[in-house]
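Letter by letter, the chains look like this.
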Amino acid sequence: MREISFSYNWNHKLDCDAFTTIRIWQPEKYVMGEAYAIVINSELLSFAKIVEVKKFLLKDLNDWIALIDTGYKKEECEQIIRRMYKRVDFNTTYLSLILLQKIK
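What you are looking at is a predicted structure, and each value in this text was computed from that prediction instead of being measured. (Residues numbered from 1 in each chain as written. Predicted model: local features only at pLDDT ≥ 70, side-chain atom pairs only at ≥ 80, totals over all residues. Heavy atoms only, no water.)

1. Side note on unusual backbone geometry
Of note in this structure, H12 is not a glycine but carries a positive phi near 55 degrees. If you trace the backbone, H12 turns up in the loop between β1 (2-6) and β2 (18-24). Even without being a glycine, S42 presents a positive backbone phi close to 70 degrees. Structurally, S42 can be placed in the loop between β3 (35-40) and β4 (43-57). (Helix = DSSP H or I, 4+ residues; strand = E, 2+ residues; numbered from the N terminus.)

Printed below as a string of structure tokens:
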């Protein structure tokens, strides 16, 4: 089974039955309907299925997406993303807003 790894539980979202994550756009890796092991700091937390994937550019990030995903407004969330992906050209590289639902 594929996994989605986290190093931090932003906004305590991983405690919810449904949550989002922002990742680099990789349609072959993040597939709607597929199940994933959710891992935080190398420990299995749960299993979840991808419900939806939305493609966007960093310039299109807004407070709505940023607050739901990280608990921070757009500016702070953008800084977090830029730190996570230091070598990425965000003028041309797309991101994914991925909605997951835990499998019970």
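So that's the structure; there's more coming.
2. A few points about the packing of aromatic side chains
In this structure the tally under the stated criterion is 3 aromatic pairs. Relative to W10, the ring of Y8 lies with its centre 4.6 Å away and its plane at 65 degrees, an arrangement referred to as edge-to-face. By relative accessible area, which is 48% here, Y8 ends up partly exposed. Ring centres of W10 and Y72 lie 6.1 Å apart, and the angle between their planes is 75 degrees; this geometry places the pair in the edge-to-face category. (Phe/Tyr/Trp six-rings, centres within 6.5 Å; stacked < 30°, edge-to-face > 60°. Buried < 20%, exposed > 50% of the residue type's maximum accessible area, 1.4 Å probe, protein only.)

3. Some remarks on the sheet that holds strand β5 (residues 94-102)
An order of β1-β3-β4-β5-β2 is seen for the 5 strands of this open sheet, with the pairing classed as mixed. In this open sheet, the two strands that pair with only one neighbour each are β1 and β2. Taking each pair of neighbouring strands and ignoring which way they run, the sheet shows an average axis angle of 40 degrees. One ladder, built from 5 bridges, connects β1 with β3; its direction is parallel. The partner of S5 across the bridge, within β3, is V39. Most of the contacts of helix α1 (residues 63-70) go to β2, to which it runs at about 110 degrees, and overall it touches β2 and β5. (Pairing = 2+ DSSP bridges. Axes fitted to C-alpha atoms, helices over the stretch in contact; angles between N-to-C directions. Contact = heavy atoms within 4.5 Å.)

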